[in-house]
Amino acid sequence: MSGHVLRFAWYRVRATFAARRGGYLALVLVIGLVGGLALGAVAAARRTQSSFATYLASTNPSDLGVGTAVLNPAAGLDTGYNPGLVRTIAHLPHVERVSTGVGIDVLPVAPNGAPVNDPYFPTTAGNGLGSVDGFGLTTDRLSVTEGRLPNAARADEVAMLAGPAAALHLHVGDRVLLGLYTNAQTLSPQFGTAAVAPYRTVNARLVGLVVDSHTILADDIDSQATELAYFTPALTRQLLGCCVNYAETAVKVAGGARNDAAVQNEIAGVIPAGTPLVISNSRADTLAKAQRSLRPESIALTVFGGIAALAGLLIAGQVIGR
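Scope of this entry: the structure provided in the associated data block. Just so it is clear, the model here is predicted, and its values are computed rather than measured.

### Focus: the overall build of the protein chain
Of the regular secondary structure elements, the protein chain holds seven helices and eleven strands. For the protein chain, the proportion of its 322 residues judged to be buried stands at 41%. Pairs at least 24 apart in sequence give 81% of the contacts found in the protein chain among residues at least 6 apart. Working note: accessible area of the protein chain is about 16,800 Å², and carbon and sulfur atoms make up 61% of it.

Next comes the structure, spelled out in structure tokens:
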């Protein structure tokens, strides 16, 4: 009996196909278009949720940021860099690698050496970020929005955030005169005025506009970076003994996030007495914050995909019914 029913149904389809082919074509198009839209929205939701993790992995990120020195003349620390502590951390059991960035005392200056007066550049020490050993260039790489990263071997190449570059009316390829100051000079009440001449100046070429991976998805408060410029190891190493205000060492943890707590305990054991243990820019925390930031978008895309799929089923049902 079922065989007769199937043959009859097939005969009816063949007999009426010419008259109804427009309806069949409409049904195929509806299913293809709406179904494709639904699948695309769901796939986009999955890509959105994992996009920051994929991007962060491309920057060769570290797992922890550790404050390893802060200028403190009262405690006998006349420089913001402690190479001995950095080496000690590098040899801890669960540490795979370290790289260090330091806060360079720098201000934009006019040809006569007087600082450029602009509210965007507070006259505080450590305004520039210098790479000691590849920080920002090969590890925890800055993301280039225009131009390129500076050549690590060139002392006269810098990168900037878009804000400082715009405040100085700079474009990629332009040169900017930067004044470098000693830590002692930054302690003067007249620091930031023409009364305190730079220790030295550098006529730097702006080779790229960049963003820090940790601030790409940050809120307005977190994203207010204060770095005037990013400097190469070729210049930074010349200033370690005189002109750096603080140091942060990025630590790559062997075995991943599961050993973060162990490394923090190991670091706490080697930090000099009286020096606070400051842990920042945890990779796990950054990823968690990014996931929270992206979740509303991925949920919205998933819901849209579900609505599109449901609409497609309803429309297809009506077409089939007719």
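### Quick notes on the side chain of N259
In this fold, N259 is placed in the loop between β10 (244–253) and α6 (260–268). Filtering out sequence-adjacent residues up to four positions away, N259 remains in contact with H94, V253 and A254.

### Considering the side chain of T236
Turning to its location among the elements, T236 is positioned in helix α5 (residues 233–239). Looking at T236, the relative accessible area reads 0%, which means it is buried. Among residues more than four places away in sequence, those in contact with T236 are V102, I104, G130, S131, V132 and F231.

### What about the state of the cysteines?
Counted by the stated rule, this structure contains one disulfide. Paired by a disulfide, C242 and C243 hold their sulfur atoms 2.4 Å apart. On the S-S bond that ties C242 to C243, the torsion sits near -95°, and the link is left-handed. On the accessibility criterion, C243 (0% relative accessible area) is buried.

### Quick word on unusual backbone geometry
We note that D140 has phi near 45°; this positive angle belongs to a residue other than glycine. Topologically, D140 is positioned in the loop between β4 (128–131) and β5 (143–147). Taking relative accessible area as the criterion, D140 reaches 14% and is therefore assigned buried. Residues other than glycine seldom take positive phi values, yet H169 does so here, at roughly 60°. In this fold, H169 is placed in the loop between α3 (162–167) and β7 (175–180). A relative accessible area of 66% means that H169 is categorised as exposed.

### Comments concerning the pairing of β7
One ladder, built from three bridges, connects strand β3 (residues 106–108) with β7; its direction is antiparallel. Counterpart to L107 in the pairing with β7 is G179. Note that β7 and strand β8 (residues 200–211) share six bridges and pair antiparallel. Looking across to β8, one finds that R175 is bridged to R205.

What counts and how
- Residues numbered from 1 in each chain as written.
- Predicted model: local features only at pLDDT ≥ 70, side-chain atom pairs only at ≥ 80, totals over all residues.
- Heavy atoms only, no water.
- Helix = DSSP H or I, 4+ residues; strand = E, 2+ residues; numbered from the N terminus.
- Buried < 20%, exposed > 50% of the residue type's maximum accessible area, 1.4 Å probe, protein only.
- Contact = heavy atoms within 4.5 Å.
- Areas by Shrake-Rupley, 256 points an atom, 1.4 Å probe, with all protein chains shown as cover.
- Disulfide = S-S within 2.5 Å.
- Pairing = 2+ DSSP bridges.

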